[in-house]
Amino acid sequence: MASKKAMSWRCNPQPVPANTAPPGGEVVHVDVGAPTLLPDGRWRISVAADVDRLLRDDRCVPAANATLVEFGVDWMLHHHGDLHAAERRAFRGPFSPRAVERHRGRVTAVVDSVLDRFTEGPTDLLAEYAFPIPMDVVAALLGLDALDPSAVHERWDDMMSTYGDHDADARAAAEASTKKLLSLIETAIEGNPDGSLTADMVQAGEDARLPREVVAADLLLVLGAGFDTTMALIANTLAELLGRDDRLAIVADTRALERFVEEVLRTQPSVQWVGRVAAEDIVIGGTTIPAGARLVLSIAD
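Cut-off values and rules
Residues numbered from 1 in each chain as written. Predicted model: local features only at pLDDT ≥ 70, side-chain atom pairs only at ≥ 80, totals over all residues. Heavy atoms only, no water. Helix = DSSP H or I, 4+ residues; strand = E, 2+ residues; numbered from the N terminus. Contact = heavy atoms within 4.5 Å. Phe/Tyr/Trp six-rings, centres within 6.5 Å; stacked < 30°, edge-to-face > 60°. Buried < 20%, exposed > 50% of the residue type's maximum accessible area, 1.4 Å probe, protein only. Polar contact = N/O pair within 3.5 Å; in protein donor to acceptor, adjacent residues only side chain to side chain. Pairing = 2+ DSSP bridges. Expected span 1.5 Å × (residues − 1). Arc of directions from axis to C-beta. Salt bridge = Lys/Arg side-chain N within 4 Å of Asp/Glu carboxyl O. Axes fitted to C-alpha atoms, helices over the stretch in contact; angles between N-to-C directions. Parallel < 35°, antiparallel > 145°, perpendicular 65-115°, else oblique. Nonpolar A, V, L, I, M, F, W, Y, C, P; charged D, E, K, R; others polar. Core = buried A, V, L, I, M, F, W, Y, C linked by side-chain atoms within 4.5 Å.

Undergrad: Just give me the short version of the overall build of the protein, but keep the residues and values in it.
TA: Looking only at helices and strands, the protein has 13 helices and seven strands in total. Contacts spanning at least 24 positions in sequence make up 64% of the contacts within the protein whose residues lie at least 6 apart.

Undergrad: Outline the packing of aromatic side chains, supporting the account with residue identities and numerical values.
TA: A full pass over the atoms with the stated rule returns three aromatic pairs. Judged by centre distance (6.3 Å) and plane angle (90°), the ring pair of F131 and F227 falls under edge-to-face. Of this pair, F131 sits in the loop between α7 (125-130) and α8 (132-142) while F227 is found in helix α12 (residues 212-242), placing the two residues 96 residues apart along the sequence. A single burial state applies to F131 and to F227, both of which are buried.

Undergrad: Lay out the side chain of T162 with the relevant residues and their values.
TA: Looking at the element boundaries, T162 is found in the loop between α9 (149-160) and α10 (168-191). The buried category is assigned to T162, whose relative accessible area is 7%. At 3.0 Å, the side chain of T162 and the side chain of N65 are in polar contact. Separated by 2.8 Å, the side chain of T162 and the backbone oxygen of M159 make a polar contact. When residues no more than four places from it in sequence are discounted, the contact partners of T162 are N65, T67, L68, F71 and A174.

Undergrad: If you had to explain the pairing of strand β7 (residues 294-298) to someone new, which residues and values would you point to?
TA: One face of the sheet, then the other: side chains in a regular strand alternate in exactly this way. For β7, the tally of buried residues reaches four of five residues, placing the bulk of the element in the interior. Where strand β4 (residues 273-278) lies against β7, five bridges are found, and the strand directions are antiparallel. Bridged to W273 within β7 is S298.

Undergrad: Would you mind going over helix α4 (residues 81-92) in detail, with residue names and values included?
TA: With twelve residues, α4 extends 17 Å between its outermost C-alpha atoms, agreeing within 8% with the 16 Å of an ideal straight helix rising 1.5 Å per residue. Taken together, the buried positions of α4 are occupied by A86, E87, A90 and F91. Buried residues along α4 cover an arc of 115° about the axis, so they all sit on one side. Away from the buried face of α4 by more than 90 degrees, exposed residues D82, R88, R89 and R92 are located. The elements touched by buried residues of α4 are α11 (197-207) and α12.

Undergrad: Quick one: what's the story with the pattern of salt bridges, residue by residue and with numbers?
TA: Oppositely charged side chains can form a pair if their charged atoms are brought close together. Across all of its chains, the model carries 13 salt bridges by this definition. D200 is paired through a salt bridge with R102; the nearest N and O atoms lie 3.1 Å apart. Pair noted here: D200 is in helix α11 and R102 is in the loop between α5 (97-101) and α6 (104-116), with a separation of 98 residues, a long-range link. Under the relative-accessibility criterion, D200 is labelled partly exposed at 22%. Ionic pairing is found between E186 and R212, a salt bridge with its closest N-O pair at 2.7 Å. With a gap of 26 residues between them, E186 in helix α10 and R212 in helix α12 connect regions that are remote in the sequence. Judged by relative accessible area, which is 30%, E186 ranks as partly exposed. Among the residues examined, R212 registers a relative accessible area of 43% and is labelled partly exposed. When salt bridges that share partners are traced, they join E186, E190 and R212 into one network.

Undergrad: I'd like a description of the packing of α10 against α12, backed by residues and values.
TA: Between α10 and α12, the least distance of the axes is 9 Å, while the angle of their chain directions is 105°. Relative to α12, the element α10 is oriented roughly perpendicular. Residues L181, L182, I185, E186, I189 and E190 of α10 lie in contact with α12, whose contacting residues are R212, A216, L219, L220 and L223. Looking at the contact of α10 with α12, its residues break down into eight nonpolar, no polar and three charged.

Undergrad: Break down the nonpolar core for me, citing the residues and quoting the values.
TA: Ranked by size, the top nonpolar core spans 51 residues in total, and within it W75, M159 and L220 carry the most contacts. Those elements giving two or more residues to this core turn out to be α3 (66-71), α4, α6, α8, α9, α10, α11 and α12. In terms of residue count, α12 provides more of this core than any other element does, 13 residues in total. Look past the residues within four positions of M159 in its chain and what remains in contact with it is L68, V73, W75, A174, T178, L181 and L220. One finds C60, A278, I284 and L295 within the second-largest nonpolar core, a separate group that totals twelve residues.

The structure is reproduced here in structure tokens:
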């Protein structure tokens, strides 16, 4: 069972206010509707229309994590242009509605197994429900049956710490954890069981002639981000449903529940912001963002 420390990680019970700074310190320049300058030199963009435009703008490119690249993780989130397009095309098939539907039975079995563990009395819904379901599902889909969920979570936490300020000890822990996670992915690739998501992605990568290390990195992204973001979504949805008695009736109405989950995704996204780099000068809300500037795009509505 995962520790309390791990269980509290990255769940966002409330949306981030428009002028709340992400990791990097307090806001030093605030003007509603305009870009916000952070003390570390990054620009935060919080207006939805501006964020949407920048995410589609070829001058606004992904910000590669140099530390992770050094550790051997160069995944889709780092790429743009032809390589990113090739990855999206290659993996569209394994994640199509029809392909995902093939895994329904496996996912249902995992959820039933988690529910069967419940006993009478107080229950930690985060540790005993929101965490094990996505972790067990992703492990099953990737063909990683002998997985230690707590260890994977802690190693993912270590690895993702490279996106913020980290000292030598944190870097060493991140490097060791990254190597262990990549080893897990290599185990999945070598086993490559028929019908697994790993098998589908490996075949798609070979068909698209993607480098093996790129496919491995993208599989690692599926493993980590797959449980992390889903855990936060389940936790946030449960918090909203259980916070008011009049909302419990939603559970009995499938369509209403689907709309409710979509609303939670809109107002409380598991990922609150994404990073980009301005490849050239970009004008946003009358403010010129200089070429080379790092951007923090807020995707919380």
